[in-house]
Amino acid sequence: MPADAAQALRSLVLVAPLSGPMVPIDTVPDPTFAQKMVGDGIAIDPTSEVLVSPCKGRVTQLHSSHHALTVTTPEGVEVLMHIGLDTVMLKGKGFDPRVAEGAEVAAGDPLIAFDADYLAHNARSLLTMMIVANGETVERYLPGSGTARAGHTRALELKLAPDAGAKGEAAAGGSVLSDEIVILNPAGLHARPTAVLVAKAKTFSSDLRLVKGSNEANAKSVVGVMGLEVKLHDKIRVRASGADAQEALDVLAPLIASGLGESLHALPQEKPAVPPPLDPPKPVSDDPNVLLGVSASPGLVTGHVYQLRHEEAKIQEEGKGFEAENQNLLWAIADSQKELAEIAEKMRKRADTDKAAIFSAHQELLDDPELIEGARRLLRQGKSAAFGWNASFTEQAAALAGLNNELLAGRANDIRDVGRRVLNHLVGSEAPEFTFPKDAVLIAEELTPSDTAGLDKSVVVGFCTTGGSATSHASILARSMSIPAVAAIETKALELADGTAVVLDGDRGELRLNPTDKEVADIRALQDQTAAVRAMELMEAAKEAMTSDGHRVRVVGNIGGVADAEEVPPLGGEGVGLLRSEFLFLQRASAPTEEEQESMYTAIAKTLGPERDLVVRTLDVGGDKPLAYMPMPPEINPFLGVRGIRLNLLGTDLFRSQVRAIIRAAPYTRLHIMFPMVCSIRELRSAKAIVTEEKERLGVTDPVYVGIMVEVPAAAVLADGLAQEADFFSIGTNDLTQYTLAIDRGHPRLAALADALNPAILRLIEMTVAGAHKHGKWVGVCGGLAGEILAVPVLLGLGVDELSVSVPSIPSIKAAVRRQSLPACRALATEILSMLTAAEVRERLAAFAADTAAKEGADA
């Protein structure tokens, strides 16, 4: 075989940089990657949180935002890895690089650690791309499929070009230099605009260079351009040398100045440099009887201190050889995986989704190659598996705990939790079981998620930790379990004697020592009163939600699966007012099958039975909640883009499949299908026609009611017309508030202003009810406002027929309805509609609630 032919057949195998399902690059929901503008390769939907090297090579580029990195192989292939979509906007938050530019790496070496929880909430997608940036070096790509294991699975095989690196020589010609170009891209030249630039640059034969100060890069190389780290407001030039140099300059310079397809940031005004703010000091109380911390979970309780301390495991340092100790480590990890899987499944069956998600995340931590390899390094030095593992997870936890990012630091506790679980298996000890006295307020340096999830609420009334934060998993669990908690409490708390009487105020984030007998008596009286009210509400949960003058209102549940549905009837729920079908579609690499959907909808329908309503909202996703298997172009403002019904009608195959699956549940319950984000009669008619067609094709004769979510102002304004086509309306007050007030409800500075009791929102609710009732259609509210007891009287007064709330809230909302009289509620609503601020509305509602309570007391 000729030498050049032999070279053409050379292969380079790239192993998976992350664990998780492998996804074809052309299905990534971003045209920059799907259209291979950056290069060809493969994507992975990650289940691990440390990016590892797919090959031997050198780190030739690490982006300043730490979300992307390039490893160049000895063959000259530039392998670009890009974690998530739009992650450049996070500016490094959530990422922890483990290498520097210039580092030599081997396949499987850790490159970048990242916080998947943080990215999942703040980035568009976690999909991670592995791409060959200099495609001229490769003749053929052979991507893998299935589920990958980081550092082991063959993810991409490359058939190298015979003359890799030798292509693209520019023809001789003159050299020209552009004027200065000010970069106005908000995140500078990150992956997407760089890909657009490079794709266009490659259409010219000239040698093209991007010049930034004394540095320059090949404008035809994604790695090179990103290596320049061109930021917002940087000034660059383009230099071109070759036959078509001037033509290239005339095209590329204005293309860069226009933003390369991105919306641009305004030029800044010159401002004096301001030093970054210092981290606020930890609060310390001046009162010797008050210890300060931060609120981790609300609630006010009295109790007695119990100091919780973990005993250190007894570890033998020397091992019995690498093979034996490595096998011990793998067995201990496998046993821990099994335990965590069982715990997570048990939580899911009890509908404890928050807990289940945390323990599922712990399973992923056990696959972390850095943790395992850290232990193995010590095993190779003759240490035992227990010694190596303990040293590895302790080191990793300490590194995370030392970071300034609160979210990242909070994950150190998860590593300790997982680490101790494996360590218990290695040393042959059981997880500690604590026996707590009654009314115990636990004090500890840290509580792990396992500690917190196992707390017995009949004896433990609350806890304080000197470490942690409101975002730690222990705090999240405490809130889901309604256990008052304070994090970052003053360290003096660790010196308190067991049995010390205290008051724990989770709302204010403080621990009060030596309370008076009267303080304790008042708090316990309030607790007893609250418990008695809750017990009465549960006892009367089966009673109808009927006002004192005989006006009936339906109270139903918002659910996300079968486990939630099972809780509705015992708590007095008259049905389901909102089944969020997204739970079937999100966080997976492929769409659920029609059979899978049918099985779930039918199971929920059978749980509710023929006497209760089931309202299923069709898939409500879009640019703000993308699906990995439904590529969508990036949108400047996804909340105002293709989402909800707009996406349903564009992706009609997926929509029709879902509609058919829902319709098949009709024989088992009173079935309603609800379309999200409707704002025009055309959208409603189009979606309704699809339901009619599919119902006829399936031969289903049972009634299927069709309605819409009212969550954009247009739907409220057009309610009169839409009610002629819809069978019902359900008002989503969360989005309706956001769109009406032009406030992102997640905005850190403005979210508090996004109040659904703003008179503008209440007037839209009134308009919606009037339009629906004119045509004999009913109106429900399924947003957060429906579950706010203070709001119940005004919603009744506005004429709302149904309140759909979180399942645990059903008894208390039904009780709130029974305390009202419809004439009083109508008069209240009329009064409130003349107000101008949410503050006025809340003040009036609070006074109305107090008057109602006083009348109840007088009648008792």
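Residues numbered from 1 in each chain as written. Predicted model: local features only at pLDDT ≥ 70, side-chain atom pairs only at ≥ 80, totals over all residues. Heavy atoms only, no water.

**Regarding the confidence of the model for the chain**
Then step 1. The share of residues in the chain with pLDDT of 70 or more is 84%, and the mean pLDDT across the chain is 82.
Then step 2. By mean pLDDT, helix α1 (residues 3-8) is the weakest element of the chain at 42, and strand β33 (residues 728-731) is the strongest at 96.
Then step 3. Contacts for the low-pLDDT stretch residues 1-8, under 50 throughout, to residues beyond four places or in other chains number 8 contacts. (pLDDT = per-residue confidence, 0-100. Helix = DSSP H or I, 4+ residues; strand = E, 2+ residues; numbered from the N terminus. Contact = heavy atoms within 4.5 Å.)

**Structural notes on a nonpolar patch on the surface**
Then step 1. On the surface, Val717, Leu718 and Met767 cluster together to form a nonpolar patch covering roughly 260 Å² of accessible area.
Then step 2. Locating Met767 in the fold gives a position in helix α24 (residues 759-774). (Patch = residues over 30% accessible without salt bridge, like charges linked within 9 Å, V, L, I, M, F, W, Y side chains within 5 Å. Areas by Shrake-Rupley, 256 points an atom, 1.4 Å probe, with all protein chains shown as cover. Salt bridge = Lys/Arg side-chain N within 4 Å of Asp/Glu carboxyl O.)

**Remarks on the sheet that holds strand β32 (residues 704-710)**
Then step 1. Taken in spatial order, the 8 strands line up as β28-β29-β30-β31-β32-β33-β34-β35 and close into a barrel, and their pairing is parallel. Across the sheet, the mean angle separating the axes of adjacent strands is 25 degrees when strand polarity is ignored.
Then step 2. Note: β33 against strand β34 (residues 778-781), 4 bridges, orientation parallel. Bridged to Phe728 within β34 is Trp778.
Then step 3. Along the sheet, helix α19 (residues 652-663) contacts β30 (613-617) and β31 (670-675); its crossing angle with β31, the most-contacted strand, is approximately 160 degrees. (Pairing = 2+ DSSP bridges. Axes fitted to C-alpha atoms, helices over the stretch in contact; angles between N-to-C directions.)

**Here's the deal with the nonpolar core**
Soluble globular proteins tend to bury their nonpolar side chains together.
Then step 1. In terms of nonpolar packing, the biggest core is built from 90 residues, with Phe675, Phe729, Leu762 and Ile765 touching the most fellow members.
Then step 2. Among all residues touching Phe675, those that are not within four sequence positions of it are Thr618, Ile645, Phe655, Leu684, Ala687, Lys688, Val691, Val706, Gly707, Ile708 and Met709. (Core = buried A, V, L, I, M, F, W, Y, C linked by side-chain atoms within 4.5 Å. Buried < 20%, exposed > 50% of the residue type's maximum accessible area, 1.4 Å probe, protein only.)

**Remarks on the pairing of strand β35 (residues 802-806)**
Then step 1. Counting buried positions over the 5 residues of β35 gives 4, a clear majority of the element.
Then step 2. Note that strand β28 (residues 554-559) and β35 share 5 bridges and pair parallel. Within the sheet, the bridge partner assigned to Arg554 lies in β35 and is Glu802.
Then step 3. In terms of strand pairing, β34 meets β35 through 2 bridges, oriented parallel. Within β35, the position partnered with Gly780 by the bridge is Glu802.
Then step 4. Between the parallel elements β34 and β35, the chain passes through helix α25 (residues 792-798) in a crossover that is right-handed. (Right-handed = clockwise from strand over helix to strand, strands pointing away.)

**Overview of unusual backbone geometry**
Then step 1. Here the phi dihedral of His66 falls at roughly 65 degrees; this positive angle occurs in a residue that is not glycine.
Then step 2. Relative to the assigned elements, His66 resides in the loop between β5 (57-62) and β6 (68-72).
Then step 3. At Asn514, a position not held by glycine, the phi torsion is positive, near 50 degrees.

**Some points on the pairing of strand β11 (residues 125-132)**
Moving residue by residue along a regular strand, the side chains alternate between the two faces of the sheet.
Then step 1. The element β11 is largely enclosed, with a buried count of 8 among its 8 residues.
Then step 2. Residues of β11 alternate between two faces, with Ser125, Leu127, Met129 and Ile131 on one and Leu126, Thr128, Met130 and Val132 on the opposite face, all of them buried.
Then step 3. Looking at chain direction, strand β3 (residues 40-44) and β11 are connected through 5 bridges and run antiparallel. Within β11, the position partnered with Asp40 by the bridge is Val132.
Then step 4. Bridge count for strand β7 (residues 78-85) against β11 is 6 bridges, and the pairing is antiparallel.

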